[in-house]
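Architecture and fold: a report
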Amino acid sequence: MQKLDGKSLALKIEEDIKAEISKLNQEYKITPGLAVILVGNDPASQSYVNMKAKACKRTGIYSTTHEMPESITQESLLQTISMLNQNPNIDGILVQLPLPKHIDATCVLEAISPTKDVDGFHPFNMGRIYAGLEGFIPATPMGVITLLKHYEIPLKGQNVVIVGASNIVGKPLASLFLNENATTTLCHIYTKDLKEHTKKADILCVGVGKPNLITKDMVKEGAIVVDIGINRLENGSIVGDVDYENVAPLSSYITPVPGGVGPMTIASLLQNTLKAAKMRAKNKENL
């Protein structure tokens, strides 16, 4: 069993980003800019936003956080997004999810300019992924594929089973695996006999937010297990969706939680922000 160490790979990616930003500064006088919108005071959301801000600081990305009360109107939120869309120094806009129930998340995400959609949630970018075209890829699925490729794990022809069919992780991840010519099965809450599917997986990806959902009897020997879940237990410890202790000895590769997919998600977001800044530089060059 070998750990898929997302933490060390993320640090390497950050170093590469730092070098590219330095080059971008010298050649075009451009500093990548990321704006984060945080609505309400959800502790998990605040923690994610803080981690993203620290990663931006480490790599030389300018970041700003717009903190808004939970009672904010949708109109005010959309006005802020419109302002950021028009700000030439902001390359990426990220709205931290989940949003309060009175706000239409789909409407908000669609308001972000596709060229600044570094989270990859806009239908325009989602459609491009589905079609196998260039676009912004959602950070977590992008991080999973980057991690597997770093460890030179073949994807072509593999049986991939994804548990969790969210628009943010499961669906785009399925598209990415299909684009790599893997045979992909997407399971969800209505899947009958989950074990029947997971047991066949060469690569098993799980992201539903339920501790110990995947037990050792659900995994075939030698499988590659990617745990995307993040759950905080009552004792304060962080665990994934896989019973790590019992599944790890069975698997050929497995991601730890924390230290697996989480750091790769943030590294991928930084890569997307750099990509958007490079697009700005290219436009500047063509003027």
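Before reading on, note that the structure itself is shown above.
This section reports on the structure supplied with the text.

Conventions used here
Residues numbered from 1 in each chain as written. Predicted model: local features only at pLDDT ≥ 70, side-chain atom pairs only at ≥ 80, totals over all residues. Heavy atoms only, no water. Pairing = 2+ DSSP bridges. Helix = DSSP H or I, 4+ residues; strand = E, 2+ residues; numbered from the N terminus. Axes fitted to C-alpha atoms, helices over the stretch in contact; angles between N-to-C directions. Parallel < 35°, antiparallel > 145°, perpendicular 65-115°, else oblique. Contact = heavy atoms within 4.5 Å. Nonpolar A, V, L, I, M, F, W, Y, C, P; charged D, E, K, R; others polar. Expected span 1.5 Å × (residues − 1). Buried < 20%, exposed > 50% of the residue type's maximum accessible area, 1.4 Å probe, protein only. Phe/Tyr/Trp six-rings, centres within 6.5 Å; stacked < 30°, edge-to-face > 60°. Lys NZ or Arg CZ within 6 Å of the ring centre and 35° of its normal.

Strand order across the open sheet formed by six strands is S1-S11-S8-S7-S5-S6, with parallel pairing between neighbours. Since the sheet does not close on itself, it has two edges, and those belong to strand S1 (2–3) and strand S6 (183–187), each with one partner.

At a minimum axis separation of 7 Å, helix H6 (residues 139–150) and helix H10 (residues 261–286) run at an interaxial angle of 110 degrees. Here H6 lies roughly perpendicular to H10, going by the angle between them. On H10, the residues touching Ala139, Thr140, Met142, Gly143, Val144, Thr146 and Leu147 of H6 are Val261, Met264, Thr265, Ser268, Leu269, Gln271 and Asn272. Here the residues of the contact of H6 with H10 are counted per class, giving seven nonpolar, seven polar and no charged.

Moving on, we come to H6. Here H6 is twelve residues long and its end C-alpha atoms lie 16 Å apart, about the 16 Å a rise of 1.5 Å per residue gives. Among the twelve residues in H6, nine count as buried, and that is most of the element. Within the span of H6, buried status applies to Ala139, Thr140, Pro141, Met142, Gly143, Val144, Ile145, Leu147 and Leu148. Against helix H1 (6–28), helix H7 (170–179), strand S7 (203–206), strand S8 (224–227) and H10 lie the buried residues of H6.

Attention shifts here to the packing of aromatic side chains. Inspection of every chain in the model, using the stated rule, returns one aromatic pair. Measuring from centroid to centroid gives 6.2 Å for Tyr151 and Tyr253, while their planes differ by 65 degrees, and the two rings are edge-to-face. Taken together, the residues span a long stretch of sequence, with Tyr151 in the loop between H6 and strand S5 (159–163) and Tyr253 in strand S11 (residues 253–254) at a distance of 102 residues. We classify Tyr151 as buried; its relative accessible area is 18%. The aromatic ring of Phe136 is capped on one face by Lys275, whose charged end is 5.5 Å from the ring centroid.

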